[in-house]
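The primary structure of each chain is shown beneath.
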Amino acid sequence: MPFPLFADRPAPQLPAHDAVDDLIDRTRRLRGDVDAVRRDAVMFDEDDPQLRWQRALCELAVHHLDTLDEHLAQLRAGLPGPRAEDSAREGATTTRAPGAGAAPSRVGSAEWNLLTDESSWSEELYEIFGRPLDSAPLSLDDLPSVLLPEDQPVLTAMVTGCLVDGRPMDGEFRIVRPDGGTRTLHMTGEPVLDAEGCTASMWAVLRDVSELRRGEQAVTRSRASVRREEHIERTEHRMAVELQEAVLPPWRGSLRLPPQGPGALDIAAHYLPSASSGLIGGDWYDAMELPDGRTLLTVGDLTGHGIPATSAMAMLLGALRGMAVAGIDPGALMGHLNQVLETSVQPALGSALCCRFDPKTSVLSWAQAGHPAPVLFRGDSGRLLPPPDGILLGAAPRAVFEQDEVRLFPGDVLVLHTDGLTRRGDRGAGPEALLALAPRLSEARTAQECVRGVVEEFGVAERPDDACVLVARIGA
């Protein structure tokens, strides 16, 4: 029957910060109480084996509570940094807290009398070594024979330091049991001096810490795995950002196209990251003057995140620019982009909007592929342009994309955006919230002011996906 504290417990959750602080405080108070008992035990006769055993248990308990305190501190601080991890790894190969984390039944004691060559083992130590109770205990000379060869020097150094220099023993080694199993033992002990100050015997407490060390190794491996994943994510994020910055237009602020002549467009754009800065998506925006004097405006979004999305976006945007420069109409251009995406090494789905503005006629020709329609603001009102037919890029082979035209007038404001801009969970999000900006955009004198108004409305709340917005204001 489980202990009532753990019966019908809910699904595991991360502990609250205050709860961990309370555990740390209780652990430290208990550590102080046990340490007081240990100090009292030191005052009694050191020749009494029972008192030495009690003191050793108190020392083990103190070390165990110190380890618990360290683990709780790590829990409160979260995953340790590289330096803390390195320190923990170094500590794993040097001095350990005696017996930390092992069950009480896995603690045994031994005493070796140097005057009589007699050895005395507790029953628990026989169990740890896997030896029958009716067998003779191992002497100090025989003990190294059951250790792994690489650990024998560790034991030799501890025993020599204890017997010759009178130093306490504190270290770990691995033994091979008769059944072939390997166990990790932590050994502490001290020399017992005779009346003349010479070493008469040596006692030791050995604790089986195999399970604890295996657990620590698992934690170390998991930490290393997390570190590798974090490093990969950081590297991929940096590469995705660099690729995105290399592909998106180099201009910042506002842009006038064409640079000279009447009917030019005042253009500004902005990229809005997602709530998770690590999710660099395949969103793009672009504006460029074409050889015949017309202007290309485009926004789009590919599915996915990271390097695959940004690399596919770079490929698609490069193809779009090339076909626009070649004079291909927006509708036909969308069909070619669909074929490019279908035949790519990493197929994906995408939405796109391609507009071509003629400053001589003030006519905007445009096509879309499963993308939010442009929003046209005129005066104090705004409306969504009726979209021509067009499905997502990469959704079907040989898809046909219709093309439409609309005449623009001086002072009109055209807003192009990806769906991440208005796809929010809070009230007022969506196309209606964008249309509600008509009074503010009508008062704006530049495209940059219009972009600022859109960003202030949609760029504050956390969004699940990144987004792009491009504003073109038609000049006189």
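This report concerns the structure included in the present document. (Residues numbered from 1 in each chain as written. Predicted model: local features only at pLDDT ≥ 70, side-chain atom pairs only at ≥ 80, totals over all residues. Heavy atoms only, no water.)

## Some thoughts on the overall build of the protein
Using the following cut-off: In this description a helix means any DSSP run of H or I spanning at least four residues, a strand means any run of E spanning at least two, and both kinds are numbered starting from the N terminus. Throughout this description, buried means an accessible area under 20% of the type-specific maximum (1.4 Å probe, protein chains only), exposed means over 50%, and partly exposed covers the range between. Pairs of residues are marked as contacts when any of their non-hydrogen atoms sit within 4.5 Å. Here the accessible surface of atoms and residues is derived via Shrake-Rupley with a 1.4 Å probe, and residues count as covered only by protein chains that are part of the display.
Check the secondary structure of the protein and you find 11 helices and 16 strands. Across the 476 residues in the protein, those meeting the buried criterion constitute 42%. Across the protein, the fraction of contacts at a sequence separation of at least 24, relative to all contacts at a separation of at least 6, is 65%. About 24,600 Å² of surface is accessible on the protein, with carbon and sulfur atoms providing 55% of the total.

## Section: the sheet that holds strand β16 (residues 467-474)
Whenever strands of a sheet pair, they do so through backbone hydrogen bonds, lying parallel or antiparallel. Where we set the bar: Pairing between strands requires that DSSP locate at least two bridges from one strand to the other. Each axis is a line fitted through C-alpha atoms, and for a helix only the stretch in contact is used; angles between axes span 0 to 180 degrees, taken between their N-to-C directions.
Read from one edge of the open sheet, 6 strands run β6-β7-β16-β15-β12-β13, paired in antiparallel fashion. If you trace the sheet from one side to the other, it starts and ends with β6 (254-257) and β13 (381-384), each paired once. The sheet shows a mean angle of 20° between the axes of neighbouring strands, taken without regard to direction. Taken together, the 5 bridges between strand β15 (residues 413-417) and β16 define a ladder with antiparallel strand orientation. Looking at β16, one finds that V415 is bridged to V471. Sheet contacts for helix α11 (residues 447-458): β6, β7 (265-272), β15 and β16; angle to β7, the most-contacted strand, approximately 25°.

## Some details on the environment of L68
Following the sequence through the fold, L68 ends up in helix α2 (residues 49-77). Residues L68 and L23 lie 45 residues apart in sequence; the distance between their C-alpha atoms is 9.7 Å.

## Things to note about the packing of aromatic side chains
Filter applied, for reference: Only rings of Phe, Tyr and Trp enter the pairing, Trp through its six-membered ring, and a pair is recorded when the two centres are within 6.5 Å. The plane angle decides the type: under 30 degrees is stacked, over 60 is edge-to-face, the rest tilted.
Following the criterion strictly, the structure yields 2 aromatic pairs and no others. Taken together, the aromatic side chains of W121, Y126 and F129 make up a single cluster linked through ring pairs.

## Overview of helix α8 (residues 330-342)
How we decide: The span one expects for a helix is its residue count, reduced by one, times 1.5 Å. Relevant arc is that of directions from the helix axis to the C-beta atoms, nothing else.
In a regular helix each residue adds 1.5 Å, so 13 residues correspond to 18 Å; α8 covers 18 Å between its end C-alpha atoms and thus fits that length. Listed in full, the buried residues belonging to α8 are P330, G331, L333, M334, L337, N338 and L341. The arc that holds every buried residue of α8, seen down its axis, measures 155°, which confines them to one face.

## Observations regarding α11
With 12 residues, α11 extends 16 Å from end C-alpha to end C-alpha; this agrees with the ideal 16 Å at 1.5 Å per step. Residues of α11 that are buried sit in contact with β7, β15, α9 (431-435), α10 (438-443) and β16.

## Concerning the state of the cysteines
Two cysteines form a disulfide when their sulfur atoms are joined by a covalent bond. Condition: Note on terminology: disulfide denotes any pair of cysteine sulfur atoms within 2.5 Å.
Applying the stated criterion across every chain, the model contains 0 disulfides. As a non-bridged cysteine, C354 has C355 as the owner of its nearest cysteine sulfur, 6.7 Å distant. With relative accessibility at 2%, the residue C354 sits in the buried group.

## What to know about the side chain of T295
Mapped onto the elements, T295 comes out in strand β9 (residues 295-302). In this structure T295 comes out as buried when scored by relative accessible area, which is 0%. The residues contacting T295, other than those within four sequence positions of it, are L257, P258, L265, I267, M288, C355, R356 and F357.

## Observations concerning the sheet that holds strand β14 (residues 404-407)
As summarised here, the arrangement of the 5 strands in space is β8-β9-β10-β11-β14, forming an open sheet in which the pairing is antiparallel. Single-partner strands in this sheet number two, and they are β8 (284-289) and β14. Averaged over all pairs of adjacent strands, the angle between strand axes in this sheet comes to 15°, irrespective of strand direction.

## Thoughts on the pairing of β8
Alignment of β8 against β9, held across 6 bridges, turns out to be antiparallel. Note on β9: the bridge partner recorded for A287 is L297. Where β8 hands over to β9, the hairpin turn is made up of 5 residues, of which G293 adopts a positive phi near 95°.

## A short note on the packing of helix α7 (residues 306-325) against α8
We apply this condition: Here a crossing is taken to be left-handed if its near helix is turned anticlockwise relative to the far helix by less than a right angle, and right-handed if that turn runs clockwise. Three classes are used: nonpolar for Ala, Val, Leu, Ile, Met, Phe, Trp, Tyr, Cys and Pro, charged for Asp, Glu, Lys and Arg, and polar for all others, with Gly counted as polar.
One can describe the packing of α7 onto α8 by two numbers: an axis separation of 10 Å at closest approach and a directional angle of 145°. Crossing of α7 over α8 shows right-handed handedness. Where α7 approaches α8, its residues M315, L316, A319, L320, M323 and A324 are matched on the opposing element by L333, H336, L337, V340 and L341. Looking at the contact of α7 with α8 residue by residue, the classes come out as 10 nonpolar, 1 polar and no charged.

## Describing the nonpolar core
Keep this limit in mind: Take the buried residues of types Ala, Val, Leu, Ile, Met, Phe, Trp, Tyr and Cys, join any two whose side-chain atoms come within 4.5 Å, and each joined set is a nonpolar core.
Core analysis: the biggest nonpolar cluster contains 50 residues, and I267, W284, L297, M334, L393 and L470 have the highest contact counts within it. The greatest single-element share of this core, amounting to 7 residues, is contributed by α7.

## Remarks on unusual backbone geometry
Cis geometry marks the peptide bond from L257 to P258, where omega comes out at -10°. Phi is positive for D117, close to 60°, though the residue is something other than glycine. You can see D117 is positioned in the loop between β1 (107-113) and β2 (119-121). Located in the positive-phi region is R398, a residue other than glycine, with phi close to 55°. Topologically, R398 is positioned in the loop between β13 and β14. R398 sits in the exposed class, given a relative accessible area of 74%.

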